[in-house]
Number of protein chains: 4
Amino acid sequence: MKIGVLTGGGDCPGLNAVIRAVAKSLMLHCDAEVIGFREGFLGLIERNAVSLSYKDVSGILAQGGTILGTHNRANPLSYFGRDGADVSDEVVAYYNELGLDGLVVIGGDGTMSISHEMEKKGMRIVGVPKTIDNDLMATDRTFGFDTAVSIATEAVDRLQTTGQSHRRVMILETMGRYAGWIALESALAGGGDIVLIPEIPYDIDEIVRVCDEREDRQSFTIIVVAEGAKPQSGKMTVRETIDDSPDPIRLGGVGNVIQAQLKGRIDSEVRTTILGHVQRGGTPTPADRILATQYGAHASELIRRGEFGRMVARQDGKLTSVPLSEVANMVKTVPLDSPLIKACHAVGMSFGAKL
Amino acid sequence: MKIGVLTGGGDCPGLNAVIRAVAKSLMLHCDAEVIGFREGFLGLIERNAVSLSYKDVSGILAQGGTILGTHNRANPLSYFGRDGADVSDEVVAYYNELGLDGLVVIGGDGTMSISHEMEKKGMRIVGVPKTIDNDLMATDRTFGFDTAVSIATEAVDRLQTTGQSHRRVMILETMGRYAGWIALESALAGGGDIVLIPEIPYDIDEIVRVCDEREDRQSFTIIVVAEGAKPQSGKMTVRETIDDSPDPIRLGGVGNVIQAQLKGRIDSEVRTTILGHVQRGGTPTPADRILATQYGAHASELIRRGEFGRMVARQDGKLTSVPLSEVANMVKTVPLDSPLIKACHAVGMSFGAKL
Amino acid sequence: MKIGVLTGGGDCPGLNAVIRAVAKSLMLHCDAEVIGFREGFLGLIERNAVSLSYKDVSGILAQGGTILGTHNRANPLSYFGRDGADVSDEVVAYYNELGLDGLVVIGGDGTMSISHEMEKKGMRIVGVPKTIDNDLMATDRTFGFDTAVSIATEAVDRLQTTGQSHRRVMILETMGRYAGWIALESALAGGGDIVLIPEIPYDIDEIVRVCDEREDRQSFTIIVVAEGAKPQSGKMTVRETIDDSPDPIRLGGVGNVIQAQLKGRIDSEVRTTILGHVQRGGTPTPADRILATQYGAHASELIRRGEFGRMVARQDGKLTSVPLSEVANMVKTVPLDSPLIKACHAVGMSFGAKL
Amino acid sequence: MKIGVLTGGGDCPGLNAVIRAVAKSLMLHCDAEVIGFREGFLGLIERNAVSLSYKDVSGILAQGGTILGTHNRANPLSYFGRDGADVSDEVVAYYNELGLDGLVVIGGDGTMSISHEMEKKGMRIVGVPKTIDNDLMATDRTFGFDTAVSIATEAVDRLQTTGQSHRRVMILETMGRYAGWIALESALAGGGDIVLIPEIPYDIDEIVRVCDEREDRQSFTIIVVAEGAKPQSGKMTVRETIDDSPDPIRLGGVGNVIQAQLKGRIDSEVRTTILGHVQRGGTPTPADRILATQYGAHASELIRRGEFGRMVARQDGKLTSVPLSEVANMVKTVPLDSPLIKACHAVGMSFGAKL
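Read on for an overview of the structure. This is a predicted model, so every value here is computed, not measured.

In this section: the pattern of salt bridges. Per the stated rule, a full pass over the model turns up 87 salt bridges over all chains. The shortest N-O distance in the salt bridge between C:Arg217 and C:Glu213 comes to 4.0 Å. Given a relative accessible area of 40%, C:Glu213 falls into the partly exposed group. One salt-bridge network, in which partners are shared between bridges, spans B:Glu206, B:Arg209, B:Glu213, B:Arg217 and B:Lys354.

Right, let's talk about the relation of the copies chain D and chain B for a bit. For the match of chain D to chain B, the screw axis carries a shift of 0.0 Å, the RMSD comes to 0.0 Å, and the turn is 180 degrees. Both copies are brought into coincidence by an operation consistent with a two-fold rotation axis. The fraction of interface residues of chain D whose copies in chain B are also interface residues reaches 100%, indicating that both copies meet through the same surface.

This part takes up the sheet that holds strand β11 (residues 318-323) of chain A. Residues and elements named next belong to chain A. Read from one edge of the open sheet, seven strands run β3-β2-β1-β4-β5-β10-β11, paired in mixed fashion. The open sheet is flanked by β3 (49-52) and β11, the only strands paired with a single partner. Between one strand axis and the next, the sheet turns through 30 degrees on average, direction left out of account. Across five bridges, the pairing between strand β4 (residues 102-107) and strand β5 (residues 125-129) is parallel. Looking at β5, one finds that Val104 is bridged to Val126. Packed onto the sheet, helix α10 (residues 286-305) meets β1 (2-7), β4, β5, β10 (310-315) and β11 and runs at close to 135 degrees relative to β10.

With an RMSD of 0.0 Å, chain A superimposes on chain C once it is rotated by 180 degrees and translated 0.0 Å along the axis. Most of the interface of chain A is mirrored in chain C, where 100% of its interface residues again form contacts.

What follows concerns the sheet that holds strand β11 (residues 318-323) of chain B. Residues and elements named next belong to chain B. Taken in spatial order, the seven strands make up an open sheet running β3-β2-β1-β4-β5-β10-β11, and their pairing is mixed. Strands at the two margins of the open sheet, each flanked by one partner only, are β3 (49-52) and β11. Each adjacent strand pair in this sheet contributes to an overall mean axis angle of 30 degrees, direction not counted. Bridge count for strand β1 (residues 2-7) against strand β4 (residues 102-107) is five bridges, and the pairing is parallel. Looking at β4, one finds that Gly4 is bridged to Leu103. Sheet strands touched by helix α1 (residues 15-30): β1, β2 (33-37), β3, β4 and β5 (125-129). Its angle to β4, the strand with the most contacts, is close to 160 degrees.

A separate point is the environment of A:Thr7. Residues and elements named next belong to chain A. Along the chain, Thr7 falls in strand β1. Residue contacts for Thr7: discarding those within four places in its chain leaves Leu15, Ile19, Glu39, Gly40, Thr66, Leu68, Gly69, Thr70 and Ile106. In terms of polar contacts, Thr7 uses its side chain to reach the side chain of Thr66, at 3.1 Å.

A few words on the nonpolar core. Ranked by size, the top nonpolar core spans 144 residues in total, and within it B:Ile106, B:Val128, B:Phe143, D:Val104, D:Ile106, D:Val128 and D:Phe143 carry the most contacts. One finds A:Val5, A:Val347, C:Val5 and C:Ala179 within the second-largest nonpolar core, a separate group that totals 143 residues.

Below, the discussion takes up the pairing of strand β5 (residues 125-129) of chain C. Residue and element names in this part refer to chain C. Taking burial as the measure, the five residues of β5 include five buried ones, the bulk of the element. By the alternation rule, side chains of β5 split into Ile125, Gly127 and Pro129 and Val126 and Val128, which are all buried. In terms of strand pairing, β5 meets strand β10 (residues 310-315) through two bridges, oriented parallel. Bridge pairing links Gly127 to Met311 in β10.

What follows deals with the interface of chain A and chain C. The interface is formed by 42 residues belonging to chain A together with 42 residues belonging to chain C. The contact between chain A and chain C buries some 3200 Å² in all, and 51% of this surface belongs to carbon and sulfur atoms. Run the count over chain A and chain C and you get two salt bridges. C:Glu39 is paired through a salt bridge with A:Arg167; the nearest N and O atoms lie 2.7 Å apart. The interface formed by chain A and chain C includes 14 residue pairs in polar contact (both at pLDDT 80 or more). Elements with a minimum of two residues in the side of chain A that touches chain C: α5 (145-166), α8 (238-244) and β9 (270-274) of chain A. Among the elements that make up the side of chain A that touches chain C, the one with the highest residue count is α5(A) (ten residues).

About the cut-offs
Along each chain, the written sequence defines residue order, and numbers are assigned to residues from 1. To label them, take the chains in the order written and letter them from A, then take the ligands in the order written and number them from 1. Given that the model is predicted, a residue must reach a pLDDT of at least 70 before its local features are reported, and side-chain atom pairs must reach 80 or more before they are shown or counted; all residues, however, enter totals for whole chains, interfaces and linings. Note that water and hydrogens are dropped before the side-chain values are worked out from all heavy atoms of the structure. We define a salt bridge as a side-chain nitrogen of Lys or Arg found within 4 Å of a carboxyl oxygen belonging to Asp or Glu. For every residue, the accessible area (1.4 Å probe, protein chains only) is compared with the maximum for its type, and the residue is labelled buried under 20%, exposed over 50%, or partly exposed between those bounds. For the least-squares superposition of copies, only C-alpha atoms count, and only for residues with pLDDT at least 70 in both. Contacts: residue pairs with any heavy atoms within 4.5 Å of one another. Any two strands are treated as partners once DSSP identifies two or more bridges connecting them. Helix numbers and strand numbers start at the N terminus; a helix is a DSSP run of H or I with at least 4 residues, a strand a run of E with at least 2. Every angle, taken between N-to-C directions, lies between 0 and 180 degrees, and every axis is a line fitted to C-alpha atoms, over only the stretch in contact when it is a helix. Throughout this description, a polar contact denotes any pair of N or O atoms lying within 3.5 Å of each other; where both atoms belong to protein, one of them has to be capable of donating a hydrogen while the other can accept it, and for residues adjacent in sequence the pair is counted only when both atoms sit in side chains. Joining through side-chain atoms within 4.5 Å is the link that ties buried Ala, Val, Leu, Ile, Met, Phe, Trp, Tyr and Cys residues into a set, and such a set is a nonpolar core. Put simply, buried area is how much 1.4 Å-probe accessible surface two parts lose in total, over both of them, once they are put together.

Geometric values such as these leave the question of function open.
Rendered as C-alpha cells:
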C-alpha cells in the first residue's frame, strides 16, 4: 500500500501529531509506504514529494507547525503560479504516476472543498479537519483550538494583575474572524468582564456603561475581543473610527478600535494587546495532541476500510466521518443558546450588548 | 433564597471555579445569600459555616485547591470525631436552623452517597461531580482531570529528553488507583512506549520484550504506569517483589516495583519518577476552569428549578443531571474498545501485555 | 518601630514579593508595625493608608501586580490632582503624624528621584529598584525582567514553528523604550535571526539583505524588535513610513513599521506580533521571586541599621546599596561590548546594521 | 581548523545550546569543521564520531538533553568495557588520527578531572562546566540549574494549594546530593516553610516543633528537602528509621524518611513527593539557554585564542576561565552566610535546626 499525506491552509498545533499517527499506523498495521507532499497541494502541483520513514515521524508529536510545510493559496483548480490556470489534470496524472492508493489531506474548509473536487477527478482522499478557530461545521472540535485557548487564557491571566494594579481597562484581541470561540472560551476561563464576538454585534455605549459601573466599584475591567467583532449597525463603524482617529499609528486591529471608541468616554486608562500569531505556534496541549492522534488513527482506519471521499470528524464526543461533499463552506458560529454563552451569563459577563 | 455550599473528598483543581460560579450566579440572578461550610461535611457537623460575599468569590477562578477547605473522612453517618457515631440528625437540625433552601455538594462518589443519604433525611441537595481520576460513572468528564493529564504529560515530555540522552528506561508513576485514565492520556499525549493501567494486568516478560526490542534499535523506553496497575495472576506479585528486593528503601510505589522486576533482566539503566500530589495541586487548565464553571452554573440552574436530589453531569458532550440514587459507587474504568486504547494501538504503544 | 511601604510607577512581577519580604522581616525580627500606602505616592498625598497584618502579606509571593496598587503620575512635588501644585509639605506632615520611623519606596528612576527630594524634606526613605526593562543604572539586575524575558522568549518559540511552516518573516515587538535588554535576551534565548534595539539604529536595507539570504536557503526569519528601536539617520523614518503607508490601520507600533518598510522589498509574507502588557503581568519567575525577596530583606536590614537615603542594588552579583542622590535619571543601555552582544554575534545573529 | 565536541556525565538542560554555540561560532568565524563524539568519552574510546553540519546544530537551542548522547561512566583511564583498563593512549592516538586542533568537553567535575589527565597526555581541551546542582567550585552558576529550580518551584506552588486545602504537611524532595542549592532556591521562590539541606543537618524535634506551631495557627506546612539532607548526629539515622518502619514499601528517599520520622509525632497528615528526573529533562529556561550560549561562545573564543587546558566559568557575573588543574573535585556547598540563607531567615523560614 502507498499513501500520500499533505497539510494545507494555515499552520496549527497538532498537524505533526496527525502526520505521525497516520504514518505510524499505516506503516505498523498495513506495512504501507508513506509519501509526504511539501507545502500542501503545492507539493502535488510542483511534484515536490518526500518519502517518510518511521524515524522521520518519530519524536514530532509535541512539535508545533508541520514538518511538511504548508501553503495558504495552493489550489490545483486555480494555480497562482500560472495566473490561475487549472492544473488539476496534471496533479491527478502525478498522483497516478506515483501509484498512490490514497491521500490524507489535513486542512480547513477551503482545503476540503479542493479535496472534494480532486476526489471527483479520481483521487482517493480522506480529509482531516484543521482550524485553530474551531469554526468548522461538521465536527464538534478541532485540534489546535485548545492550544489557542490556553495561550489566550494565559494572556488574560497576566492582564488581570496589571489591570488590577493600575485600575485600567485592558483589552485583549484574540483570533476568530468569523466565529468567537477562542475569545469566548479564553474570556470564560480567564474571568474576563466583557467579551465581544462576531455573533453578537457590540454597542459601545453598553461597553462604556459596564466599565463605568466597575470603575465606581473601584474595580478594573478586562475586555476580550475576537478579531472579527463588529459594532451594531447605526453605531460608529470601525472605518469611521479610524478616519476619526487623531493618531492612526495606534490603530492595529479591532482591539485598538474599541480603545479609540472608548477614548474620552471613560476615566480609566485603556491598554490593548493583540496576540496574533503566537496563538497558532508552539507545542500543542495534551488534549490537542490526543485529538490529533485520534484523527490521524481514524483517517488510516478509513483508508484500510477503503472509505474514501470522507472527512474525519468528532460528533457528540464520538469519532466518526462525513462525506467531503457535505463539508460545506459554512462556518460554525457560536449559537446564542450555547452552554458557553449561558455560563458567561451566569457569572455576570457582559457581551457588550443588551441580549 | 439561602443556599449552602461545601467541598468534600480530596482536593482538585477547579473546586474554586465551581464555588465561584454557584455563588455568583445565585447572587446575581436570585439575589441569594450563600453560606460556605468549612472542610466538607465537617463544617455541617461542627457548625463551622461562613457567609460568602461577592468579593469573597471574585478572583478565585484560577486558584487551585478550595477556599472552603476539604476533609477526606468527614461523614455525618459515621463521625470519626465520636467513634463513628451517626450525627446526621444533628446535621439536618443545623441545616434547618440556618434556614437553607438548598445545599450544593461538590465531591466524589463517596461524598455523593453521603449526600444521597442526607437527601433522604430531608436536606435538599444538588451534587457536582469531582474526581481527578475521571473515574466517576455518571459523567463523561470531571474537572481537574485535564489539569492532571497536563502535569503528567509535561513530566513525560521531560523524561523523553533525559531518557534519550542516556538511552535509559524511564518509568513515570501517575495517579489512578482504580482506573487508568490519567496514565493512558498522558502516555498518549507524551508519546510513551508502554502504558500500564489497572484495566490491563501487565506481564513483566512482555515489558522486558518491548524494552529489549527498542534497545536493539539503539532506542530508549518510556513507561507510564498508573498507581493501580497490577501484574497478571501467576506472575510475581508486588508484595513478592518487595520481599525479594535487596534494597527495600528504593521501593516507593508500583513504579519502583516495576523497576525492581526489570532489574537484571534488561541491559539499560532504569529510573523511576512518582509524581504524586503535584498532579492535584495548582491552577486549573482553561478547559477545567470552563467545565467547572459550567457545572457550577448548571447546579444553580437546578436549584432555581427546584430539581434537588440530582448530580450535575456531562454526557455525550452535553450538560445534564442524574439522580443521586443512580450515582452508584461503581468506578468508570477504561473500556478496552475505547478510542483512546485504539489510538494507542494505532501508534504502536504497548500495554505490557498481549491483547 | 513603624514603617511604611509603597509601590510606584508601572506594575511589575515581584512587587508583592518585595512587600512580603519587607513586612515579614520587619514584623518577625523588629516586631514592627507596617503601613501600606495605596497607589504609590498618591496614598501619601490623599492620606490613603492601610495597616498590613502578617496574614495580609502571606501567600502573595507568587502573585503578579501589587496588592497596594500603583500610579504612574503621582508626584507630591507636582500633584496632577491640583494642577501640578507642590503638596510635598502636606505629605511630610502626614508622614510625621503617622509617626513613621521610615518608608520603603519600591519604584523606577522617576520614583527614586521623587524619593530623593522627599528625603531632603525630612522623610527617612529606603528605595528598592523596579523596572521591567532592566535599564536602571546602579544595579545589575531588576526583578520582573526575567519574567518579561521568559514571556517574550515563549513568544519567539511559538513564532519559530509558525514561521517555519509558512517560510515567513515573523516580527515580534517587545517592551524596551530606551534600552534593548528584553529584545536582546529573548532573541538570544529564542534563537532569533535579527534583533533591533535602540542602542543600534537599524538599516532596513541590511534587514532586507538578511531576509533575502535566508530565503535563498529555503529558510524563514525571526525578527525581534524593541519598541524603542529606530532607523539610522538618512533612512526613511517611522513617521515617513506611516504617512507613506496605504493602510494605516495595520500600523500599531515599530514592529508594524518594519513590516511596512519590508513591503514589496522581499518575497516572503511578513507577520507582526506586539506582545504589549502581557510582558508585565502574571506570576513572577522563581528567579524574580528570589531577587525581589532578597531586595525586600536587604531593605529591611538597611532600616534596622538606620541607613536611609539609599537604594538597594545588586552589583557584580552581590547585594549592596547606593545613595538615592547617585541614582541618576540616566538609563542603563546595552553596551556594545556586552557579552550578550558578543554571544549574539558568535551565533550569527544580525543587528539589522553593519557593526 | 577541526574541533571536536562531547558531552559527559548526567544530562542537563542547555547541553544542546552549548553544542550549537560552539559549532556555529567556529563554523561562522573560523570556517572550522566540527566533529561530535557520541556518549561522552565513550565516543573517543569506541571511535564513534559524527561530523556536524550547520543544519545539524540549527533549531536545537531549546531542546532538552543532548543530541550527542552522554554516558555516566565512560573514562579512558579506566574503561568499564575492558575491566577498568587504561585506554587513554588509544584515545590520544584516535584524537591525533582525526587531526583535531582541539576538543570542547562539556561536563561536571568528574569529566573535568578526566579532561585534565587527557590534557597532560597531549590533547588540547577547553572545558565547559555542567551540573544541574550548581555545586561546581570554580563558577558562580551553571546552566540547567535555573531550569531545575523552576520545575521544583512549580511543584512547591502546586503543593501549596493542596496542602492548604487539607491542612497537611507536604514534603517535596528535590535533587542535590552534596549541596542544597536547588532545595534552597525552590523553597525560597515557592514560599516553603522548612528547608532541609546537606549543609545544615536537621533535628527532627525542631521540624516537629515548627509543624505543631503552624498547626496551632490553623495552617499547613511545606517542607522542601534536598536528597542529600541528613539528620544531626545522635538523632535517629535514615537507616534506623527504615529498619524501624512497619511499611518499607512507602520508603523511597529521604523525603519518605522524614515522613516516617514524623509519623505519630504530629496530628496532620503528611504527604511526600519525589520529583526525581523531571528536574533534569525538558526545554531549558531562557536564562539557561543564554548562559549555555555564552559558555559555548566563550569556549570557541578560547579555542581561537589557543588558550587550552582551561574551563569556561562565570565569576562575579563575568565570563572568564580557570585552569583545568584548579578545578578541584571539591563541591561548592551553600555557605551559611549566603544571601540566600539570609533571605530565608528574613522571611521566617526554618532550616529544621536551631542555627
